[in-house]
Amino acid sequence: MAALPVPLLALALLLLAGCGGPGAAGQRRKEMVLSEKVNQLMEWASKRSVIRMNGDKFRRLVKAPPRNYSVIVMFTALQPHRQCVVCKQADEEYQILANSWRYSSAFTNKIFFAMVDFDEGSDVFQMLNMNSAPTFINFPAKGKPKRGDTYELQVRGFAAEQLARWVADRTDVHIRVIRPPNYAGPLMLGLLLAVIGGLVYLRGSNLDFLYNKTGWAFAALCFVLAMTSGQMWNHIRGPPYAHKNPHTGQVNYIHGSSQAQFVAETHIVLLFNGGVTLGMVLLHEAATSDMDVGKRKIMCIAGIGLVVLFFSWLLSVFRSKYHGYPYRYVRL
């Protein structure tokens, strides 16, 4: 092969250096693709905090490299015919989290929030071998999702605050959750004060009802039953109301683990505790009241029946959560 003249050789070297070779061209193309993806996501995020995706958008913007951003994806089924009540509740909390990030001063293109609905991206569910909803997965900026990148919904619940802690653990992005104003509490307080004020006005100087032991005892009992049934835990952790098995369609109202619970479970426990309490009150009245013997016997039998029945149900709930618990009151 004949040698190139010196001027032509110098020109070729300059062109090669200016182009950077095939590797540099590939790097520039990768940077252009990444820039287009980030710009597209930023444009969508400016219009909607949670970006709705179908199969094509998911594969192009979430699965396919290059990517220097994390994407939190909620896989859900929000269409009415799916009858996924938990999906709607989780979506509300997810929207609160995404809005808190979108409108915060720390908002960057480091992380995006997206959603794939089953009816819009069933191929994505099949690709990920996913058979339940809602499910939250973090797709990190580098590499594939690891085990910790799938949110433990049954353990943590879907409250926005819990999701924010998980996002911080997986992405180092700390989001301060800002909830929209809720006027239900102030309205209820105002209504209560209005009722009390009305009673004081109507009763005038007769305020004996404020010293009614039975009324205060009933109010205190309701508060204790609400707290012992787990209402405060629900307020803090934000668990789902119940769980529907996507394969069998069976709805579970009692969580199978001692580390978590459903909202419906607290209502059931509240009812059982109330039944036991009512039975104990009847037994007390049967022993101390001045009624005739016949009525006292009926109250005693009813009280014993309530205590035995509801306490047995409480133990059955306890056994379902603490597997292997050997004791029972009656066999149910």
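This write-up is about the structure you can find in this document. Every chain is numbered on its own, with residues counted from 1 as its sequence reads. Restriction of local features to residues with pLDDT of at least 70 applies here, the model being predicted, together with a cutoff of 80 or more for giving and counting side-chain atom pairs; totals for whole chains, interfaces and linings are based on all residues. Side-chain measures here rest on the full set of heavy atoms in the structure, leaving out hydrogens and waters.

A few points about the sheet that holds strand β1 (residues 50–52)
The strands making up a sheet associate through hydrogen bonds between their backbones, and the pairing can be parallel or antiparallel. For the record, the criterion: At least two bridges found by DSSP between two strands is the condition for calling them paired. Every helix listed is a DSSP run of H or I at least four residues long, and every strand listed is a run of E at least two residues long, numbered separately from the N terminus. A fitted line through C-alpha atoms serves as each axis, taken over the contacting stretch for helices, and the angle formed by two N-to-C directions is quoted from 0 to 180°. Should any heavy atoms of two residues lie within 4.5 Å, those residues are considered in contact.
The strand order β1-β3-β2-β4 describes an open sheet built from 4 strands, whose pairing is mixed. Looking at strand neighbours, the two that pair on one side only are β1 and β4 (135–139), the edges of this open sheet. Geometrically, the sheet is characterised by an average inter-axis angle of 30° between neighbouring strands, direction not taken into account. Direction of pairing for β1 relative to strand β3 (residues 111–117): parallel, over a ladder of 3 bridges. Each residue of the ladder has a partner; that of V50, found in β3, is F113. Across the face of the sheet, helix α4 (residues 85–102) comes into contact with β1, β2 (70–76), β3 and β4 while running at roughly 160° to β3.

Points about the packing of α4 against helix α7 (residues 160–171)
Convention followed: When an angle is under 35 degrees it counts as roughly parallel; over 145 it counts as roughly antiparallel; between 65 and 115 it counts as roughly perpendicular; any other value is oblique. Crossing handedness follows the turn of the near helix against the far one: under a right angle anticlockwise gives a left-handed crossing, and clockwise gives a right-handed one. Nonpolar residues are Ala, Val, Leu, Ile, Met, Phe, Trp, Tyr, Cys and Pro. Charged residues are Asp, Glu, Lys and Arg, and all others, Gly as well, are polar.
Between α4 and α7, whose axes approach to 9 Å, the crossing angle comes to 55°. In this view, α4 runs oblique relative to α7, as classed from their interaxial angle. In this structure, α4 meets α7 at a crossing whose hand is right-handed. Contact residues: α4 offers E93, Y94, I96 and L97, while α7 offers A160, L163, A164 and V167. The residue inventory of the contact of α4 with α7, partitioned by class, reads 7 nonpolar, no polar and 1 charged.

Some words on the pattern of salt bridges
The condition that has to hold: By definition, a salt bridge exists where a carboxyl oxygen of Asp or Glu is found within 4 Å of a side-chain nitrogen of Lys or Arg. Partly exposed describes any residue whose relative accessible area lies between the buried limit of under 20% and the exposed limit of over 50%, with all areas from a 1.4 Å probe on protein chains only and scaled to the type maximum.
A full pass over the atoms with the stated rule returns 9 salt bridges. R179 is paired through a salt bridge with E93; the nearest N and O atoms lie 2.6 Å apart. Taken together, the residues R179 in the loop between α7 and α8 (184–203) and E93 in helix α4 connect sequence positions 86 residues apart. Looking at R179, the relative accessible area reads 38%, which means it is partly exposed. Judged by relative accessible area, E93 falls into the buried class, the value being 15%.

Remarks on the pairing of β2
To be explicit about the condition: Call a crossover right-handed when, viewed with both strands pointing away from you, the route from the first strand across the helix to the second goes clockwise.
In terms of burial, β2 is a largely internal element, 7 of the 7 residues being buried. Alternating residues of β2 divide into S70, I72, M74 and T76 and V71, V73 and F75, and every residue in both groups is buried. Pairing of β2 with β3 involves 7 bridges; the strand directions are parallel. Each residue of the ladder has a partner; that of I72, found in β3, is F113. Read from β2 through α4 to β3, the crossover connection turns out right-handed. Strand direction decides the pairing type here: β2 and β4, joined by 5 bridges, are antiparallel.

Everything listed is a geometric property; what it means functionally is a separate question.
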